[in-house]
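Fold and contact review
Below, each chain spelled out in residue letters.
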Amino acid sequence: MDIEFTPLGVTQQELDQLLKFGLKYDKRQKKQMLAAANAPLPTAEDVRGFETKLGVVLPDDYKTFLLQKNGGIPKKAKIKIDLLGVKVVQQFYALTSPANSYTLSYLLEVYSERIPNYMLPIADDPAGNLYLCRLQPGDAYGNIYFWDHEEEADGKSQPYFDNITLVADSFTNFLSKLK
C-alpha cells in the first residue's frame, strides 16, 4: 500500500477549528472523535469475528488493509471511474473505532435495506455516495463498486444494481487508481 492515510477522528486542534466554524457536537461525540484519532488497530481475531458475524470471508487484500490501517483518510483521494468521470474518496471506514459512525458494522446497519446483499460499504465520498466491496462468492468477488445514492431504489423497492458502477476488480487495484 503506497498510499498514506491519516487516521479517522480528529485532534484537539482540529476539533477546536471545527467548533470555530460553528459545528455543534455533544460531549459524547467530541470524546469519540478525539479517541478515534488514536484508536488501536484491530486484531486478526476482530477480523475473524466480523467475518463470522456476517457469514462472509473478506478479500485478503482488504483484510490486510484493515489490520494495517483500520480505515482512514487517503492522501491521494481522486479516482477516475469509467462512465462517471473523476470522483473522490473521502474516507475508508474502520473495523473498530470508539466513534461508532466510522465503523463497517454501523454502515451496514444504516444501509442494510438500501444496498444489495453481499455488498460491504468500505468508503464514501463527500456527497454521501459509497464505495462497496462485493462479498458474494463467484467471479465478481472482491470487486469494488461506486454506489450513487441519488439513483437508489425508492423505499418500496428492493436494492438493485442500476445505481452501481464497477470501479476496480480488487481492493488493491482500487487503491492503485487513487491519484
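Predicted model only: the values in this text are computed from it and were never measured.

Conventions and cut-offs
- Residues numbered from 1 in each chain as written.
- Predicted model: local features only at pLDDT ≥ 70, side-chain atom pairs only at ≥ 80, totals over all residues.
- Heavy atoms only, no water.
- Helix = DSSP H or I, 4+ residues; strand = E, 2+ residues; numbered from the N terminus.
- Rg over C-alpha atoms; globule rule 2.2 N^0.38 Å.
- Buried < 20%, exposed > 50% of the residue type's maximum accessible area, 1.4 Å probe, protein only.
- Areas by Shrake-Rupley, 256 points an atom, 1.4 Å probe, with all protein chains shown as cover.
- Lys, Arg positive; Asp, Glu negative; His and termini not counted.
- Charge placed at Lys NZ, Arg CZ, Asp CG, Glu CD.
- Axes fitted to C-alpha atoms, helices over the stretch in contact; angles between N-to-C directions.
- Parallel < 35°, antiparallel > 145°, perpendicular 65-115°, else oblique.
- Left-handed = near helix turned anticlockwise from the far one by under 90°.
- Contact = heavy atoms within 4.5 Å.
- Nonpolar A, V, L, I, M, F, W, Y, C, P; charged D, E, K, R; others polar.
- Arc of directions from axis to C-beta.
- Pairing = 2+ DSSP bridges.
- Phe/Tyr/Trp six-rings, centres within 6.5 Å; stacked < 30°, edge-to-face > 60°.
- Salt bridge = Lys/Arg side-chain N within 4 Å of Asp/Glu carboxyl O.

Another point: the overall build of the chain. Looking only at helices and strands, the chain has six helices and nine strands in total. Computed over its C-alpha atoms, the radius of gyration of the chain comes to 16 Å, within 12% of the 16 Å expected for a compact globule of 179 residues. Overall, the C-alpha framework of the chain stretches about 45 × 35 × 35 Å when taken along its three principal axes. Looking at the chain residue by residue over its 179 residues, the buried ones come to 41%. Accessible surface computed for the chain: about 10200 Å², of which carbon and sulfur atoms make up 49%. Across the chain, 20 positive and 23 negative side-chain charges occur, with their mean positions spaced 7 Å apart.

Bringing the packing of helix 1 (residues 12-20) against helix 2 (residues 27-36) into the picture now. The N-to-C vectors of helix 1 and helix 2 enclose an angle of 140 degrees; their axes lie 10 Å apart at closest approach. Between helix 1 and helix 2, the crossing angle belongs to the class labelled oblique. Judged by the twist between their axes, the crossing of helix 1 over helix 2 is right-handed. Contacts from Q12, L15, L18 and L19 in helix 1 reach K30, M33 and L34 in helix 2. Its residues placed into classes, the contact of helix 1 with helix 2 shows five nonpolar, one polar and one charged.

Turning our eyes to something else, we now look at helix 4 (residues 60-68). Within helix 4 the residues assigned to the buried category are Y62, K63, F65 and L66. Down the axis of helix 4, the smallest arc covering the buried residues is 160 degrees, so these residues share one side. Of the surrounding secondary structure, the elements contacted by the buried residues of helix 4 are strand 1 (5-6), helix 3 (44-54), strand 5 (91-92), helix 5 (104-110), strand 6 (119-124) and helix 6 (171-176). Note on helix 4: the residue one or two positions beyond its end, N70, has a positive phi of about 55 degrees.

Within a beta sheet, neighbouring strands are joined by backbone hydrogen bonds and run either parallel or antiparallel to one another. Read across the sheet, five strands follow the order 5-6-7-8-9 without closing on themselves; strand pairing throughout is antiparallel. Both outer strands of the open sheet, strand 5 and strand 9 (164-168), are each paired with one neighbouring strand and no more. Alignment of strand 7 (residues 130-134) against strand 8 (residues 144-147), held across four bridges, turns out to be antiparallel. Note on strand 8: the bridge partner recorded for L130 is W147.

On inspection of all chains with the given rule, the structure shows twelve aromatic pairs. Joined through ring pairs, the aromatic side chains of F5, Y62, F65, F92, Y131, F146, F171 and F174 make up one cluster.

Moving on, we get to the pattern of salt bridges. Under the definition given, this model contains two salt bridges. A salt bridge links K63 to E51, with the nearest nitrogen and oxygen atoms 3.2 Å apart. Of this pair, K63 sits in helix 4 while E51 sits in helix 3, placing them twelve residues apart in sequence. A relative accessible area of 9% places E51 in the buried class.

The next point concerns the pairing of strand 4 (residues 85-88). Strand direction decides the pairing type here: strand 3 (residues 78-81) and strand 4, joined by four bridges, are antiparallel. Residue I79 lies in a different strand from strand 4, and its bridge partner there is K87. Connecting the antiparallel pair strand 3 and strand 4 is a turn made up of three residues, with L83 showing a positive phi of about 75 degrees.

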